[in-house]
Amino acid sequence: MATKSMRAPLAAINALTLNQLLTHQDLPSPLDFYVDNGDLYLDARIETLTATLFNEISESEGNPEKAAEGWELVLLSSTTIDQLIDTCRHAGIKLVKLNNINHRLGVSSYRFAVQADDMVKARTLANQYAMQHNLEIALIYRAPALATPGLLVMDMDSTTIEIECIDEIAKLAGVGEEVAEVTERAMLGELDFAASLKQRVATLNGASESILAQVASQLPLMPGLRPLLELLKSHQWRIAVASGGFTYFTDTLQQQLQLDATQANVLEIVDGKLTGKVVGDITDANVKADTLGRLAQEFAIPATQTVAMGDGANDLQMLAASNLGVAYKAKPVVLQQADCAINFSGLDCLVHWLK
């Protein structure tokens, strides 16, 4: 018996957002949703736009494409149909089904099963399109599930908080410009991180410990951080910060946010003054990645439920070690290698990249 479907010309619905198109609350899951010859096809059970836009097709063979197993294209509700179709054209993606609609933290997101000849290439192209058009889009392979306990490990500077702590310390110590330039080059991946950190810390020799307290007293949290952590914790997720910065600030964040663990560098302080040295081994890219693996084992979190977020080159190994590596308002080298990105929203957008 043939399956009914509904067909609408794209020209009639291009300007609609996904939220405007798919307003029915009892949608079947998954829902046939694909484009063919300038028309959008939906399962007949959907009750949405007027009959002037959608025509019922009694004899439909359905979508001939088979979804790539485990891959989903995820978009926020404000995305228009035109933007969805353009994303697919740019990245060489074919829509197959609407797998699910999530309503989280006051925003809806739409998860599509898709097909492409080269999914990894398609992901790169989709990320590029999203960045160029100010959209939040993710093409994700087997994303962790929100409802299952997981582990999120975040970078601190310019990810969990809006500043680079060492740059703020340096300003107060009178060497701000010199240090900021080195920080930027390190985050771009142009300098060895450990060597650049030692170079920057050395400029702080003799500075008063009080400048650390001054910076720590007013750490600006990244937008969306608190609602993200609240929702994750409600589903028994573990939260950690792994930073190439300093324990003086990660300890402050751990108290403020009730983090499960932190990893960072220790500044040497003698008689109330910085010596310009770091105590012990430096928390570099390798240590960050190792921290994620160690914490997953310690908290008994399966590898499939691990997420890492960061913005600089020092985060790349940690992102690669996780199941889902997320670039947050990141440097180009990170955007190119991360699984997905959040470029324009707060940190709480992450909940929509999760199943």
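Criteria and thresholds
Residues numbered from 1 in each chain as written. Predicted model: local features only at pLDDT ≥ 70, side-chain atom pairs only at ≥ 80, totals over all residues. Heavy atoms only, no water. Helix = DSSP H or I, 4+ residues; strand = E, 2+ residues; numbered from the N terminus. Buried < 20%, exposed > 50% of the residue type's maximum accessible area, 1.4 Å probe, protein only. Contact = heavy atoms within 4.5 Å. Polar contact = N/O pair within 3.5 Å; in protein donor to acceptor, adjacent residues only side chain to side chain. Arc of directions from axis to C-beta. Pairing = 2+ DSSP bridges. Axes fitted to C-alpha atoms, helices over the stretch in contact; angles between N-to-C directions.

With respect to the helices and strands, the residue E136 is situated in the loop between α4 (119-132) and β8 (137-141). E136 gets classed as buried once you look at its relative accessible area, which sits at 7%. Linking E136 and C349, residues 213 residues apart in sequence, is a C-alpha distance of 8.5 Å. Those residues in contact with E136 that sit more than four places away from it in its chain are V74, L75, L76, A341, I342, N343, F344, S345, C349 and W353. Reaching out from E136, the side chain makes a polar contact with the backbone nitrogen of S345 at a distance of 2.7 Å.

This part covers helix α10 (residues 247-257). Among all positions of α10, only F249, T250, T252, L253 and L257 are buried. Axial view of α10: buried residues confined to an arc of 155°, hence all on one face. For α10, the elements touching its buried residues are α5 (165-173), α8 (210-216), α9 (225-234), β10 (238-246) and β11 (261-270). Positive phi appears at Q258, one or two residues downstream of α10, with a value of about 55°.

This part covers the pairing of strand β2 (residues 31-36). In the case of a regular strand, side chains alternate between the two sheet surfaces. Here β2 pairs with strand β6 (residues 94-104) via two bridges, running antiparallel. In the sheet register, L31 faces β6, and the bridge partner there is L98. Here β2 runs beside strand β3 (residues 39-43); their pairing, made up of four bridges, is antiparallel. When the bridges of β3 are listed, F33 appears paired with L42.

So, about the sheet that holds β10. Strand order in the open sheet formed by seven strands is β12-β11-β10-β9-β13-β14-β15, with mixed pairing between adjacent strands. Looking at which strands have only one partner, the edges of the open sheet turn out to be β12 (273-279) and β15 (340-342). In this sheet, neighbouring strand axes are inclined to one another by 30° on average, regardless of whether the strands run parallel or antiparallel. Across four bridges, the pairing between strand β9 (residues 151-154) and strand β13 (residues 306-310) is parallel. Residue pairing in the sheet places V153 in a bridge with A308 of β13. Helix α7 (residues 193-202) contacts β10, β11 and β12 of the sheet and is inclined by roughly 170° relative to β12.

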